[in-house]
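# Architecture and fold: a report
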Amino acid sequence: MNTRRVSLATVALALAVLVSPLAEAQSTLIDLEVGYQWVSVTGNRDMYRTLINQDDGVVLRDFTLNFTDPSSGASVADSIRIDASGFGANPAGSLRFDMGKGTSYRLRLSYHQFENYSALPAFANPLLDDGVIPGQHLWNRDREVIDAELQLLPNRAVTPVIGYRWNRYSGPRQTTYFVGQDEFRLDSDLEETEQEIYGGILFATNRWSGSLLQGWRSFEATDRVGLVPGAGAGNNLRAVLGTDVTLADLTRTVETEADTPVTTANIRGRLGEAVRLTASYVQADADSDTSASELLSGSLVSFRLSRFFSGLDQSIASRTESPSWRGEARVEIDLSPEVRLDLGYEARERELEGWALISSLYLDTLNFSGADPRDISTLIETTNGYEREDDIASARINLRGVGPFVLWAEGAIRSSDLDLSEDVAQIVTPGSQQGEFNREVDVIGAGAAVVFKGARMSLDLVSENADDIVVRTDYIDRLRMRGRVDWALSSWLRLLATAEKITSNNGSAGVGYDAETDHVALDLEITPTDTFLLRLAYDNYDTDSSVLVRLPQDFSTERSTHAETGQLLEGGLRWRIAPFDLDLGYSEFENTGSFGFDMTRSFARLGIDFNDRVGGAFEFENNEYTEDLQQLADFDADRFGVFIRWRL
C-alpha cells in the first residue's frame with residue numbers, strides 16, 4: 001500500500017478542519033466514503049498491474065466538504081470547497097481545493113497523482129520462447145501534478161491572475177542497449193521536474209471576454225543508467241569472431257535543462273448581434289541543453305572500427321532551440337434565422353534547430369588479427385534543422401428550418417510546408433533525407449439531419465484529397481462516412497446508434513498504403529422509474545492496414561499488414577429501493593487479428609443507508625485477461641471492498 005497516498009487523503013481531512021472556522025459558514029456539507037479493499041490475483045501479476053493496478057489497502061472513494069456563507073461577513077472566505085478521491089490502494093488520486101470571498105479573490109489548488117506501471121511479457125523480449133517473463137522493457141514510474149491559481153477581483157471587468165504549475169515524473173525503468181555487437185539489460189532511474197509560473201489578466205465586458213497570460217516554464221531531468229546485476233553476458237550467447245562479448249560494467253548519466261517563455265492570449269465576443277468572434281494565440285520559445293556521459297568496460301567488438309575493444313568513454317553535449325507559435329480565429333455569422341456561416345483560419349509554425357558534439361574514446365583496441373593495440377578517439381559534430389508551417393482555412397454553412405431537416409456543407413484547405421536539414425553523420429540509408437516538402441489537403445464535407453417524433457437521424461460525409469505525401473503513412477485520399485440515430489422511443493426508452501466507415505489510401509510507387517476502419521455502436525437505456533436504470537451497449541471496431549516497409553538488413557521491401565477487430569458487450573443496472581442501492585455491471589471486450597486478447601469485467605455494489613447520515617457499501621469486482629498466443633500474460637483478479645459513507 002502506498003502510504004503517501006493515504007497521507008494526502010489525511011491532509012484533505014486536516015484542511016477541512018483548519019478552514020472550517022474561517023468560513024463562519026451558514027451552510028455546511030460533508031460527504032465522505034472510505035473503506036478497505038482486498039485484491040487477489042491468479043496468473044501474471046505484472047500484466048494485472050499494467051492494466052488494472054489496484055492493491056490491498058485503505059481507499060478514499062470520495063470526500064467533499066463545502067462551506068458557504070451567503071452573508072459575506074468579516075470572515076476570510078465566504079466559500080470553501082474540498083474534493084478528494086482515489087487515494088490509497090488506487091493507481092490515481094486527485095485533490096481539489098477552492099476558496100474565495102465574493103469579488104475580492106478566488107484561490108484554486110489541485111493535486112493529481114498517477115502510478116504508471118508496464119511489464120508486457122511479449123514486448124521486446126528475445127527470451128519469451130523460453131518462458132522468461134516479464135520482458136526486458138518495463139517501468140514503474142509516478143507522475144505528480146500541482147496546479148495553483150489566484151484571481152484577484154474575480155467577476156469584474158479586469159481580473160489579475162497569477163498561477164503556478166509543478167509536474168514531476170520519476171521512478172525506475174528497465175531497458176536494453178546495443179553496444180559491442182550485443183544487447184544488454186540496463187536499469188534506469190529518472191527524475192523529471194517541470195515548473196511554470198504565469199501571470200496576466202482576465203477581462204470581461206458586456207460583449208467581450210478573454211485573457212492575456214505570460215508564463216515562464218523550466219524543465220530539469222536526470223536519468224541515471226547502469227547495467228542490471230548479472231546481465232553482463234548479454235542476449236547473444238554466441239561468440240563474435242571467436243570472442244565472447246561481455247560487459248563488466250556500465251554507467252551513464254544524462255542531464256537536461258530547458259527554459260521556455262510562453263505567451264497565451266484569447267478573446268471571444270460579438271461584433272454585432274449576428275456576428276461572433278473567437279480568437280487565440282500561443283507562442284513559446286524553448287531552449288534546452290543536454291549533456292551525457294557514459295563509461296563502460298568489457299570484452300567487445302566494433303565492426304565500424306574493425307576492432308576489438310575493452311572499454312568506451314563517451315560524452316555528448318547538445319543544444320536545441322525550438323520556437324513555435326499558433327494562432328486561430330473563427331467567425332460565426334447569422335445570415336438569417338435559418339442560415340449560419342462559420343469561417344475559420346488557423347496558422348501554426350514550429351522550428352527546431354539542434355547541435356551535438358559526440359566524443360568517443362575506445363580503450364585497448366586490437367584489430368581483428370589481434371595486433372596494433374591502441375586507444376582510438378572519434379569526434380562527431382552534427383547540426384540539423386526542422387521548420388514546419390501549417391495553414392488551415394475552413395468554411396461551413398448550416399441551414400435550419402427546412403421542414404424537419406437540418407443541412408450543412410463544409411470545406412477546408414490544409415497546407416503544410418516542411419524544410420528538413422539533416423547532417424551527413426545522421427544519414428544511414430541511401431538517398432537524401434533532407435529538403436523541402438509541401439503537402440496540401442482539400443477537404444469537402446456535407447451532411448443532413450432530420451428530427452421527428454423524438455428521433456434525430458443524421459448522416460455526414462467528409463472527403464479529403466492530398467497532392468503529395470511526406471511520410472509513408474500519409475494518405476492521398478481519405479473518405480469518412482458516418483450515420484447516427486438518437487431515438488427516444490418513449491419517456492423511458494432511448495436508443496443511440498452510430499455507424500462509421502473510414503478508408504485511406506496512398507498508391508504511390510514503393511508505398512502502397514491502404515487502411516480501412518469500420519465502426520458500429522449501439523446503446524440502449526431503459527428507465528421505467530426514477531429509481532431504476534438498465535443500460536445495454538454493443539460496440540464493434542474493425543480496422544485493417546497495409547504498407548510496404550524496407551528491411552534494414554538489405555534495404556529490400558516487403559508488405560506489412562495489421563488487422564484488428566475489437567468487439568465490446570456491456571451491460572449495467574442501477575436500482576434503488578430504500579434503504580438499498582444496487583449497482584451491477586458486466587463488460588466483455590474481445591480483440592482478434594494481429595494481436596488477440598479477451599478481457600472481461602464483472603462488478604457488483606450493494607449500498608445500505610442505515611439512516612440519513614450513515615451508510616455502508618459492499619463491492620465485488622472481477623477482471624479476467626487472456627491472450628490468444630501468449631498464455632504467460634493471462635490473469636484472473638478479484639477485488640472485495642467494504643466502505644462506510646457519512647453525510648453531514
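Being a predicted model, the structure only gives us computed values, none of them experimental.

## Details of the pairing of strand E5 (residues 105-118)
Taken together, the 10 bridges between strand E4 (residues 92-101) and E5 define a ladder with antiparallel strand orientation. Each bridged residue has a counterpart across the sheet, and for Met99 the counterpart in E5 is Leu107. Once E4 ends, the chain turns through three residues before running back antiparallel as E5, passing Gly102 with a positive phi of about 50 degrees. The pairing of E5 with strand E6 (residues 138-152) spans 14 bridges and is antiparallel. By the bridge assignment, His112 is partnered in E6 with Val145.

## A look at the packing of aromatic side chains
The full count for this structure, using the stated rule, is 13 aromatic pairs. Ring geometry for Tyr625 versus Phe635: centroids 5.7 Å apart, planes at 20 degrees, classification stacked. Residue Tyr625 is located in strand E25 (residues 614-627), and its partner Phe635 is located in strand E26 (residues 635-647); the two are separated by 10 residues in the primary sequence. Aromatic ring contacts, followed pair by pair, group Tyr48, Phe589, Phe595, Phe597, Tyr625 and Phe635 into a single cluster. For the cation-ring pair, Arg49 lies above Tyr117, with the distance from its terminal atom to the ring centre recorded as 3.8 Å. Directly above the ring of Tyr475 sits Arg439, whose terminal nitrogen or CZ lies 5.1 Å from the centroid.

## Comments concerning a negative patch on the surface
Together, Glu220, Glu255, Glu257 and Asp259 line one region of the surface with negative charge. Counting residues per element, the negative patch draws most heavily on strand E10 (residues 246-272), which supplies three residues. Among the structural elements, Glu220 can be located in strand E9 (residues 208-227).

## Some points on the confidence of the model for the protein
Mean pLDDT over the protein works out to 90, with 92% of the residues at or above the 70 mark. Put simply, helix H1 (residues 3-23) is where the protein has its lowest mean pLDDT, 49, and E9 is where it has its highest, 97. Of the regions scoring below 50 in pLDDT, residues 1-6 engages in 17 contacts with residues more than four places distant in sequence or in other chains.

## Section: the nonpolar core
By size, the foremost hydrophobic cluster in this structure holds 19 residues, and its most contacted members are Phe184, Leu227, Val245, Leu247, Leu250, Leu296 and Leu300. Contributions of two or more residues to this core are made by strand E8 (182-204), E9, E10, strand E11 (275-302) and strand E12 (307-334). Among all residues touching Leu227, those that are not within four sequence positions of it are Phe184, Arg185, Leu186, Gly232, Leu247, Ala248, Asp249 and Leu250. Counting residues in hydrophobic clusters, the runner-up holds 16 residues, among them Ile30, Leu32, Phe63 and Phe87.

## Concerning the environment of Ala274
In this structure, Ala274 sits in the loop between E10 and E11. The class for Ala274 is partly exposed, based on a relative accessible area of 29%.

## Digging into a nonpolar patch on the surface
Taken together, the side chains of Tyr36, Trp38, Val58, Phe580, Leu606, Phe618, Phe640 and Val642 make up a nonpolar region of the molecular surface, amounting to roughly 710 Å² of accessible area. Residue position: Trp38 is located in strand E1 (residues 27-43).

## Overview of the side chain of Ser94
Within the element layout of this structure, Ser94 appears in strand E4. If sequence neighbours within four positions are ignored, Ser94 has contacts with Asp83, Ala84, Ser85, Phe87, Tyr111 and His112.

## Describing unusual backbone geometry
Glycine aside, a negative phi is what most residues show, and trans is what most peptide bonds show. For the bond from Ala578 to Pro579, the omega torsion is 5 degrees, close enough to zero to count as cis. For Pro579, the position within the fold is in the loop between strand E22 (557-577) and strand E23 (580-593). Positive phi outside glycine occurs at Lys453, with the angle close to 45 degrees. With respect to the helices, strands and loops of the structure, Lys453 is situated in the loop between strand E16 (435-452) and strand E17 (455-466).

## Some words on the environment of Asp518
Along the chain, the position of Asp518 falls in strand E20 (residues 513-529). Residues Asp518 and Asp544, spaced 26 residues apart in sequence, show a C-alpha to C-alpha distance of 9.2 Å. With residues up to four places along the chain from it excluded, the contact list for Asp518 reads Glu500, Lys501, Asn540, Tyr541 and Asp542. A polar contact is formed between the side chain of Asp518 and the side chain of Lys501, at a distance of 3.0 Å.

## What to know about the pattern of salt bridges
Using the criterion set out here, one finds 45 salt bridges in the structure. With a shortest N-O distance of 3.2 Å, Arg207 and Glu273 are connected by a salt bridge. Taken together, the positions of Arg207 in the loop between E8 and E9 and Glu273 in the loop between E10 and E11 put the pair 66 residues apart, joining distant regions of the chain. Here Arg480 makes a salt bridge to Asp460, at a shortest N to O gap of 2.9 Å. Taken as a pair, Arg480 in strand E18 (residues 477-490) and Asp460 in strand E17 lie far apart in primary sequence, 20 residues in all.

## Considering the side chain of Asn398
By secondary structure assignment, the location of Asn398 is in strand E14 (residues 374-402). Excluding its chain neighbours within four sequence positions, the residues that come into contact with Asn398 are Glu338, Val339, Arg340, Asp342, Leu407 and Trp408.

What counts as what
Residues numbered from 1 in each chain as written. Predicted model: local features only at pLDDT ≥ 70, side-chain atom pairs only at ≥ 80, totals over all residues. Heavy atoms only, no water. Pairing = 2+ DSSP bridges. Helix = DSSP H or I, 4+ residues; strand = E, 2+ residues; numbered from the N terminus. Phe/Tyr/Trp six-rings, centres within 6.5 Å; stacked < 30°, edge-to-face > 60°. Lys NZ or Arg CZ within 6 Å of the ring centre and 35° of its normal. Patch = residues over 30% accessible without salt bridge, like charges linked within 9 Å, V, L, I, M, F, W, Y side chains within 5 Å. Areas by Shrake-Rupley, 256 points an atom, 1.4 Å probe, with all protein chains shown as cover. Salt bridge = Lys/Arg side-chain N within 4 Å of Asp/Glu carboxyl O. Lys, Arg positive; Asp, Glu negative; His and termini not counted. Charge placed at Lys NZ, Arg CZ, Asp CG, Glu CD. pLDDT = per-residue confidence, 0-100. Contact = heavy atoms within 4.5 Å. Core = buried A, V, L, I, M, F, W, Y, C linked by side-chain atoms within 4.5 Å. Buried < 20%, exposed > 50% of the residue type's maximum accessible area, 1.4 Å probe, protein only. Polar contact = N/O pair within 3.5 Å; in protein donor to acceptor, adjacent residues only side chain to side chain.

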